[in-house]
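For reference, the chains in residue letters:
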Amino acid sequence: KKVSAQTLVLHAIRVGRTVSGLRVGLHAASACYFLVLAVFPALLLVLSALRYTHLEVEQLAELLQGILPQAFLEPARKLILSAYRNSSGTAVGVSALVTLWSASRGTFGFMNGLNAVYGVRENRGYVYRRVISVLYTFAFIVVLVLTLGLHVFGASLARLIQRMAPAIYSFFADVINLRFFLLL
């Protein structure tokens with residue numbers, strides 16, 4: 001079936017108007033804004049939790065040398081040093097809660113955007129939807145941490161499992177081999 005250029009252009013215009021009417025850009029911007037806003041409490045959480053690792057400030061500064069531009073190294077070192085000196089268990093807990101709440105607002109915006117795009121009228125209450133978005137966000141964070149942990153410590157875990165439970169080693173080795181696809 002041959003389609004004329006005029007029909008194709010009219011169809012493209014119709015699709016553009018439909019997408020514009022759905023306000024996809026607005027919902028995407030809302031979700032991105034709150035996800036970016038969650039970066040700051042997450043950074044505070046990471047810096048506060050560093051105190052409980054076996055890493056020293058100088059080791060972290062050396063690690064950042066390959067990542068950050070030279071102009072940011074000294075402020076980053078001071079920030080890490082300040083976090084080591086001033087962090088407490090309360091700061092870690094509060095940072096974790098604020099990070100989860102802020103990131104869940106991004107998930108909430110994403111849910112609202114999908115509802116708008118698919119024409120779903122939400123009849124559940126605000127609090128219920130926020131709780132759902134917090135649970136989704138928490139599940140995403142858990143999956144992300146487990147995937148990154150598997151990526152970083154996968155070979156060590158495989159050797160440990162091979163010694164401790166050889167029966168499940170072949171399954172775990174297959175999972176380790178698929179870890180690069182899991183990161184996607």
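Residues numbered from 1 in each chain as written. Predicted model: local features only at pLDDT ≥ 70, side-chain atom pairs only at ≥ 80, totals over all residues. Heavy atoms only, no water.

(A) Looking closely at the side chain of Ser 102. Topologically, Ser 102 is positioned in helix 6 (residues 89-118). Under the relative-accessibility criterion, Ser 102 is labelled buried at 14%. Discounting chain neighbours no more than four positions away, the residues touching Ser 102 are Phe 34, Ala 38 and Pro 41. (Helix = DSSP H or I, 4+ residues; strand = E, 2+ residues; numbered from the N terminus. Buried < 20%, exposed > 50% of the residue type's maximum accessible area, 1.4 Å probe, protein only. Contact = heavy atoms within 4.5 Å.)

(B) Quick look at the pattern of salt bridges. The final tally for this structure, using the stated rule, is one salt bridge. Here Glu 122 and Arg 124 are joined by a salt bridge, their closest N and O atoms 2.6 Å apart. Among the residues examined, Arg 124 registers a relative accessible area of 36% and is labelled partly exposed. (Salt bridge = Lys/Arg side-chain N within 4 Å of Asp/Glu carboxyl O.)

(C) Inspection of the packing of aromatic side chains at higher detail. Throughout the structure, instances matching the rule amount to one aromatic pair. With a centroid separation of 5.4 Å and an interplanar angle of 80°, the aromatic rings of Phe 108 and Tyr 126 are classed as edge-to-face. Taken together, the residues span a long stretch of sequence, with Phe 108 in helix 6 and Tyr 126 in helix 7 (residues 126-164) at a distance of 18 residues. By relative accessible area, which is 4% here, Phe 108 ends up buried. Positioned above the aromatic ring of Phe 108 is the side chain of Arg 130, whose terminal nitrogen or guanidinium carbon lies 5.6 Å from the ring centre. (Phe/Tyr/Trp six-rings, centres within 6.5 Å; stacked < 30°, edge-to-face > 60°. Lys NZ or Arg CZ within 6 Å of the ring centre and 35° of its normal.)

(D) The side chain of Thr 137, seen in detail. Looking at the element boundaries, Thr 137 is found in helix 7. A polar atom in the side chain of Thr 137 sits 2.8 Å from the side chain of Thr 107. (Polar contact = N/O pair within 3.5 Å; in protein donor to acceptor, adjacent residues only side chain to side chain.)

(E) Structural view of the packing of helix 4 (residues 57-65) against helix 5 (residues 70-86). Where helix 4 meets helix 5, the closest approach of the two axes is 10 Å, and the angle between their N-to-C directions is 150°. Here helix 4 lies roughly antiparallel to helix 5, going by the angle between them. Note that helix 4 runs across helix 5; the crossing there is right-handed. Judged by residue contacts, Val 57, Glu 58, Leu 60, Ala 61, Leu 64 and Gln 65 of helix 4 engage Leu 73, Ala 76, Arg 77, Ile 80, Leu 81 and Tyr 84 from helix 5. Looking at the contact of helix 4 with helix 5, its residues break down into nine nonpolar, one polar and two charged. (Axes fitted to C-alpha atoms, helices over the stretch in contact; angles between N-to-C directions. Parallel < 35°, antiparallel > 145°, perpendicular 65-115°, else oblique. Left-handed = near helix turned anticlockwise from the far one by under 90°. Nonpolar A, V, L, I, M, F, W, Y, C, P; charged D, E, K, R; others polar.)

(F) Geometry of the nonpolar core. Listed in full, the ten residues of the largest apolar core are Leu 47, Leu 50, Val 57, Leu 60, Leu 64, Leu 73, Ala 76, Ile 80, Ala 83 and Tyr 84. Sorting the residues of this core by element identifies helix 4 and helix 5 as the ones contributing at least two each. Setting aside residues no more than four positions away along its own chain, Leu 64 makes contact with Leu 73, Ala 76 and Ile 80. (Core = buried A, V, L, I, M, F, W, Y, C linked by side-chain atoms within 4.5 Å.)

(G) Region of interest: a nonpolar patch on the surface. Residues Val 15, Val 19, Val 24, Phe 110, Leu 114, Val 117, Tyr 118 and Val 120 make up a contiguous nonpolar surface patch of about 710 Å² in total accessible area. Elements with a minimum of two residues in the nonpolar patch: helix 1 (5-22) and helix 6. Turning to its location among the elements, Val 19 is positioned in helix 1. (Patch = residues over 30% accessible without salt bridge, like charges linked within 9 Å, V, L, I, M, F, W, Y side chains within 5 Å. Areas by Shrake-Rupley, 256 points an atom, 1.4 Å probe, with all protein chains shown as cover.)

(H) Seen up close, the environment of Ala 12. Inspection of the secondary structure puts Ala 12 in helix 1. Separated by 114 residues in the primary sequence, Ala 12 and Tyr 126 have C-alpha atoms spaced 36 Å apart.

(I) The packing of helix 2 (residues 24-37) against helix 3 (residues 39-49), seen in detail. Where helix 2 meets helix 3, the closest approach of the two axes is 4 Å, and the angle between their N-to-C directions is 25°. Looking at the two axes, helix 2 sits roughly parallel to helix 3. Each of Leu 35, Val 36 and Leu 37 in helix 2 lies in contact with helix 3, whose residues at this interface are Val 39, Phe 40 and Pro 41. Of the residues in the contact of helix 2 with helix 3, the class split is six nonpolar, no polar and no charged.

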